[in-house]
Amino acid sequence: MNCIPSPISERKIQINNEDCIGKENAFHTIPRESSINLTPHSTNEKKVLSEVNSNKIDSLQLPRGKLQRDSTHLEKTRKRQLSNDSTDPIEPKTVKKIKCHQWKNLDSIEMDDPFMVAEYTDSIFSHLYEKEIQMLPTHNYLMDTQSPYHLKSSMRALLIDWLVEVHEKFHCLPETLFLAINLLDRFLSQNVVKLNKLQLLCITCLFIACKFEEVKLPKITNFAYVTDGAATVEGIRKAELFVLSSLGYNISLPNPLNFIRRISKADNYCIETRNMAKFIMEYSICCNKFIHLKPSYLAAMSMYIARKIKNENSKWDETFIHYSGGIDIESDPAFKDFISELVEDIAVPDTNLDSLRLKYKKPKHGMVYFKVFDWCKQKR
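Every chain is numbered independently, its residues counted from 1 as its sequence is written. Only residues with pLDDT of 70 or above have their local features reported here, since the model is predicted, and side-chain atom pairs are shown and tallied only from 80 upward, although totals for entire chains, interfaces and linings are computed over all residues. Side-chain measures here rest on the full set of heavy atoms in the structure, leaving out hydrogens and waters.

By the naming in UniProt, the chain is S-phase entry cyclin-6, taken from Saccharomyces cerevisiae. UniProt positions are given in the numbering used here, feature names are shortened, and annotations may be inferred rather than shown by experiment. In its Function section, the UniProt entry covering the chain states "Involved in G1/S and or S phase progression. Interacts with CDC28."

What follows is the structure, given as structure tokens:
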């Protein structure tokens, strides 16, 4: 005989007393009886809503904070409705006028390149433009014959020409040469140096510049060796301390090559133009006439001449003015005068810079000297 299970309403669920003692459901406490009868209909009658005492409803009160929030919300809603129903005309919003720049923002193209740090470029070069003024010689000690630190131009030309040769022999970076010349000029503009100590000073400035710029530094014995007995290792070390203390250990020069690269961006990074600009800028730094000019100014002069050599019809537009640090040829009459002097000196040199000319006649530097010299000779 098959056993037919009884309906759920007639089944008993056995619950142990030990499992129920002290345990509560989420809504009510489980009773402690040994068994519970589950029936589909409850025998307890429910009270209807009409049987609830109305006095209890009247006694219910909401919190004051909630009433205040509700009243505030009603007032805001009423004011909003009144404002929408008003017939007052809506005043047009004022639109800020955006100043249009005529120069091209070439830094925005490099925003996705983390190595170019395009978002900080303007701040970096603003700092360099301020810093380069602090790194200039106190005056042009070569042209000022009344200065107590006056030195003949021919003496400096010999020092610079020899310095370029040693720099090339050591295979140093271009930044090293520019820093060495800057240290030399700054020191000579505020100190009197005997003639027999000039070569020691020159090699010491190169030694300091190599320490600051180079990754692989030549040995100090090599610096003493190239002087052919004019300087010793101990003499270079003592001179190094004296030069650094005299300059206040301020040797962080805004390098001229940084400004060349900055302006070259406006020229679409033309390699030939930039190589010619490097030679012209290096020549202007070695030349005795321009030691009082800022590196950014010399970089702008060099790029201007190089672009004219490349294309006679090239223009110095607003983009070049921006990326040169605000140098406007039309509003700066001295700029053209300095360019004329530089072109004249390259064509008919007043200073002996044979090592520099020989350097840029080599294929390694694109032999740009010949092209620059021929153009300057025609324009003089």
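After presenting the structure, the write-up continues.
Before going further, it helps to examine helix α6 (residues 174-188). Each helix is a run of H or I in the DSSP string that is no shorter than four residues. Each strand is a run of E no shorter than two, and both are numbered from the N terminus. In this analysis, the expected span of each helix is defined as 1.5 Å times one less than the number of residues it contains. Under the 1.5 Å per step criterion, the end-to-end length of α6 is 22 Å for 15 residues, consistent within 8% with the ideal 21 Å. Whether a residue is buried, partly exposed or exposed follows from its accessible area with a 1.4 Å probe, protein chains only, as a fraction of its type maximum: under 20%, in between, or over 50%, in that order. Burial runs high along α6: 14 of the 15 residues are buried.

Space inside and on the surface of the protein is sampled on a 1 Å grid over the protein atoms alone, with a cavity defined as a set of points where a 1.4 Å probe fits but cannot get out and a pocket as an open set with protein on both sides within 12 Å along at least 5 of 7 lines; lining residues have an atom within 4 Å of a point. Grid points are joined across faces, edges and corners, and a volume is the space filled by probe spheres set on the points. Looking at the largest pocket, its volume works out to about 310 Å³. Lining the largest pocket are 18 residues; nearest its centre among them are Pro174, Lys278, Lys359, Tyr360 and His365. Contributing elements (two or more residues each) for the lining of the largest pocket: α5 (153-169), α6, α10 (256-266) and α11 (271-286). By residue number, the principal contributor to the lining of the largest pocket is α11, which donates four residues.

Applying the stated rule across the entire model yields one cavity of 30 Å³ or more. Taken as a whole, the largest cavity encloses approximately 180 Å³ of empty space. If you list the elements that add at least two residues to the lining of the largest cavity, you get α6, α11 and α12 (295-310). A per-element tally of the lining of the largest cavity places α6 first, with four residues. Each residue belonging to the lining of the largest cavity can be placed in one class, and the counts come to 12 nonpolar, two polar and one charged. Here the limits of each domain have been adopted from an automatic or database domain assignment. Two domains each provide a minimum of three residues to the lining of the largest cavity, namely domain 1 (136-245) and domain 2 (254-377). Polarity classes work like this: nonpolar for Ala, Val, Leu, Ile, Met, Phe, Trp, Tyr, Cys and Pro, charged for Asp, Glu, Lys and Arg, and polar for all others, with Gly in that last group.

Turning our attention to the packing of aromatic side chains. Two rings belonging to Phe, Tyr or Trp (six-membered ring only in the last case) form a pair when the distance between their centres is within 6.5 Å. Interplanar angles under 30 degrees mark stacking, angles over 60 mark edge-to-face geometry, and anything in between is tilted. Summed over all chains, the structure comprises 18 aromatic pairs. Consider the rings of Phe125 and Tyr129, whose centres lie 6.3 Å apart with planes at 45 degrees: the pair is tilted. Residue Phe125 and its partner Tyr129 are both found in helix α4 (residues 121-134); the two are separated by four residues, about one turn of the helix. Look at Phe279 and Tyr283: their rings are 6.1 Å apart centre to centre, the planes differ by 55 degrees, and that puts the pair in the tilted class. Of the two residues, Phe279 and Tyr283 both sit in helix α11, four residues apart, roughly one turn of that helix. When sorted by exposure, Phe279 lands in the same class as Tyr283, which is buried.

Glancing now at the packing of α10 against α11. In helix packing, the relevant descriptors are the interaxial angle and the interaxial distance, both defined with respect to the helix axes. Between α10 and α11, whose axes approach to 11 Å, the crossing angle comes to 145 degrees. In the crossing of α10 with α11, the sense of the turn from one axis to the other is right-handed. Judged by residue contacts, Pro256, Leu257, Ile260, Arg261 and Ser264 of α10 engage Arg274, Ala277, Lys278, Met281 and Ile285 from α11. Axis lines are fitted through C-alpha atoms, for helices just across the contact stretch, and the angle between N-to-C directions can take any value from 0 to 180 degrees. Crossings are assigned a handedness: left-handed for a near helix turned anticlockwise from the far helix by less than a right angle, right-handed for a clockwise turn. Any two residues having at least one pair of non-hydrogen atoms within 4.5 Å are treated as being in contact.

Look at α5: 24 Å from first C-alpha to last across 17 residues, which is about the 24 Å you get at 1.5 Å a residue. Listing the buried residues of α5 in full gives Arg156, Ala157, Leu159, Ile160, Asp161, Trp162, Leu163, Val164, Val166, His167 and Glu168. Check the buried side of α5 and you find it contacts α6, α7 (198-213), α8 (220-226), α11 and α15 (354-359). Trailing α5 by a residue or two, His171 shows a phi angle of about 55 degrees, which is positive.

Further remarks concern unusual backbone geometry. A positive phi angle is found at Asp228, which is not glycine, with a value near 60 degrees. On the secondary structure map, Asp228 appears in the loop between α8 and α9 (233-246). The residue Met367 is not glycine, and still its phi comes out positive at about 50 degrees. Topologically, Met367 is positioned in the loop between α15 and α16 (368-379).

So, on to the confidence of the model for the chain. On average, residues of the chain carry a pLDDT of 79, and 73% of them reach 70 or more. The pLDDT score gives, residue by residue, the confidence of the prediction method on a 0 to 100 scale. A low-confidence stretch, residues 1-69 stays under pLDDT 50, and its non-local contacts, those more than four residues away or across chains, total 26 contacts. In the model, residues 79-100 has pLDDT below 50 throughout and makes zero contacts with residues more than four positions away in sequence or in other chains.

Only one rule defines a salt bridge in this text: a Lys or Arg side-chain nitrogen within 4 Å of an Asp or Glu carboxyl oxygen. A full pass over the atoms with the stated rule returns 18 salt bridges. As a salt-bridge pair, Glu272 and Lys310 come within 2.7 Å of each other at their nearest N and O atoms. With a gap of 38 residues between them, Glu272 in helix α11 and Lys310 in helix α12 connect regions that are remote in the sequence. The exposure class assigned to Glu272 is partly exposed, which follows from its relative accessible area of 31%. Owing to a relative accessible area of 43%, Lys310 belongs among the partly exposed residues under this scheme. Among the ionic pairs, Glu272 bridges to Lys371, the shortest N-O distance being 2.6 Å.

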